[in-house]
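Structural features, examined
Now for the letters of each chain:
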Amino acid sequence: MEPTTEVVTARPAPTLAGFIDHYLGYRMTGYEPALHRGLPSRHLTFIVAIGHTIDVVAQTDPRQQPANYRCVLSGLQASPASIANPADQEGLAIALTPLGSRTLFGLPAGELWDTTLEFADLAGPTGHELWERLQGPASWPQRFAACDQVLTRLARHDRLVVPELAWAWRTLVDTGGTTGIGELSTEIGWSRQHLARRFGAEFGLSPKLAARVTRFERARRMLQRTPSYVTIAQVAATCGYYDQAHLNRDFAELAGCSPTTLLAEEIPSVQDEPGSTGRG
C-alpha cells in the first residue's frame, strides 16, 4: 500500500491569536515504522495523539526517561528528541508560542525548558478533557472547535509576558533570527545583560540561542520546500548564515545530523508551517 498523508490546518479562535499560531491535524497511513526527530522550533511542542500514543524513546534532556504521551507538552529545546512512529498515526498539533505559556498555563515558558510532560499532569481534568474530545470519529473542523473551546477556558489575559520581552521575541521570529541582542536591547532601553537575564528567565534560552533556533527552523523549511536546483549554500545565505559550513554546524548541533541526512530520512513533519488554512 502506498503511504498517504492528510494534513489540515486552521487558525485558532481570535481570543487565542498571538498565543497559538495555528492548529495542524494530520493522518499518516502505510509508512514503515521508523524513528522521527522532534526538532527545535520557535513553538512549544503541544500535540494531542488520536489513537496511538506518542512514544518518545529519547528525550531532549537525557536525564528524563523515555515515555508515552496521550497529549504531549514540551518546552523550547536546543536538541532533537527521538520519537517512534508507527505505520499509521493521527493527531493534532497546536503551534503554541512561548508567549502563550503564561496566558494558558500561568507559568513562563522557561519553566518548561527542555522538559516533556503529559498535558494532564499540568492542566489536570482540562488536560484529560482535551484528549478525550479529540478521540473517535470527528471532522477536523469539529476537533479544531473543541481545541478552541477547551483552550479558551484556560486563557487568562491578565497573565501576559511583559511588553518588552514579547516585542523582543516577536522581533526575533519576524526577522528569521537575524536581529542581534544589541539591536534588541537598544530598542527596548535595557542593557544587554538585563535583557539576556530577563529573556532567559521567561523563555528558557538566551536571545542568541533563540535566534539560532529560529534561523535553523527557517532554513530547514526552506530546504524542504525549494526546488532541488537551489543549493544549500544559497539557502544558508538567504537565512543569514555566514556560509554553508556555518549552517552545517547548526544542523549538527540542533538536529543531530547534516541537512542532507535530515532531508533524506524525514517523513512529512507535523512541525511544518501551514501553507493555507483548511478550516471552513
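Structure: see above.
Description of the structure in this document. (Residues numbered from 1 in each chain as written. Predicted model: local features only at pLDDT ≥ 70, side-chain atom pairs only at ≥ 80, totals over all residues. Heavy atoms only, no water.)

1. A short note on the environment of Glu90
Within the secondary structure layout, Glu90 lies in strand 9 (residues 89–96). Of the residues examined, Glu90 reaches a relative accessible area of 17% and is grouped as buried. Beyond its immediate chain neighbours, meaning those up to four positions away, Glu90 contacts Tyr26, Arg27, Ala49, Ile50, Trp140 and Arg143. Of the polar contacts made by the side chain of Glu90, one reaches the side chain of Arg27; its length is 2.7 Å. Within polar-contact distance, the side chain of Glu90 engages the side chain of Arg143 at 2.9 Å. (Helix = DSSP H or I, 4+ residues; strand = E, 2+ residues; numbered from the N terminus. Buried < 20%, exposed > 50% of the residue type's maximum accessible area, 1.4 Å probe, protein only. Contact = heavy atoms within 4.5 Å. Polar contact = N/O pair within 3.5 Å; in protein donor to acceptor, adjacent residues only side chain to side chain.)

2. Description of the pairing of strand 4 (residues 45–49)
Taken across its five residues, strand 4 has five buried, putting it largely inside the fold. By the alternation rule, side chains of strand 4 split into Thr45, Ile47 and Ala49 and Phe46 and Val48, which are all buried. With four bridges joining them, strand 4 and strand 7 (residues 71–74) adopt antiparallel strand pairing. Across the sheet, Phe46 pairs through a bridge with Leu73, a residue of strand 7. (Pairing = 2+ DSSP bridges.)

3. Structural notes on the pairing of strand 9
Burial analysis of strand 9 places eight of its eight residues in the buried class, which makes it a mostly covered element. Here strand 9 shows two buried faces, one formed by Gln89, Gly91, Ala93 and Ala95 and the other by Glu90, Leu92, Ile94 and Leu96. Two strands pair when backbone bridges link them, and strand 2 (residues 20–29) and strand 9 are joined in this way by seven bridges, in the antiparallel orientation. Bridge pairing in strand 9 links Leu24 to Ala93. Both strand 4 and strand 9 contribute to a ladder of three bridges, which runs antiparallel. Looking across to strand 9, one finds that Val48 is bridged to Leu92.

4. Considering helix 6 (residues 181–188)
If you check which residues of helix 6 are buried, you get Leu184, Ser185 and Ile188. Each buried residue of helix 6 lies within a common arc of 95 degrees when the element is viewed along its axis, so the set occupies one face. Exposed residues lying more than 90 degrees from the buried face of helix 6 are Glu183, Thr186 and Glu187. Residues of helix 6 that are buried in the fold lie against helix 5 (163–174) and helix 7 (192–203). (Arc of directions from axis to C-beta.)

5. Let's talk about the nonpolar core
Phe46, Ile94, Leu130 and Phe199 are the most contacted members of the largest nonpolar core, which totals 67 residues. Filtering out sequence-adjacent residues up to four positions away, Phe46 remains in contact with Cys71, Val72, Leu73, Leu92, Ala93, Ile94, Leu96, Phe105, Phe119, Leu130 and Leu151. (Core = buried A, V, L, I, M, F, W, Y, C linked by side-chain atoms within 4.5 Å.)

6. Let's talk about the environment of Ile83
Following the sequence through the fold, Ile83 ends up in strand 8 (residues 81–85). Overall, the relative accessible area of 16% leaves Ile83 in the buried class. Ignoring anything within four residues of it in the chain, the contact list for Ile83 reads Ala34, Leu35, His36, Gly38, Ile54, Asp55, Val56 and Val57.

7. Observations concerning the sheet that holds strand 3 (residues 34–38)
Reading across from one edge, 3-8-5-6 is the order of the four strands in this open sheet, with antiparallel pairing throughout. Because the sheet does not close on itself, it has two edges, and the strands there are strand 3 and strand 6 (67–69). Direction aside, neighbouring strands of the sheet carry axes that sit 35 degrees apart on average. As judged from the three bridges shared by strand 5 (residues 54–58) and strand 6, these two strands associate in the antiparallel manner. In the strand pairing of strand 6, Val56 is matched with Ala67. (Axes fitted to C-alpha atoms, helices over the stretch in contact; angles between N-to-C directions.)

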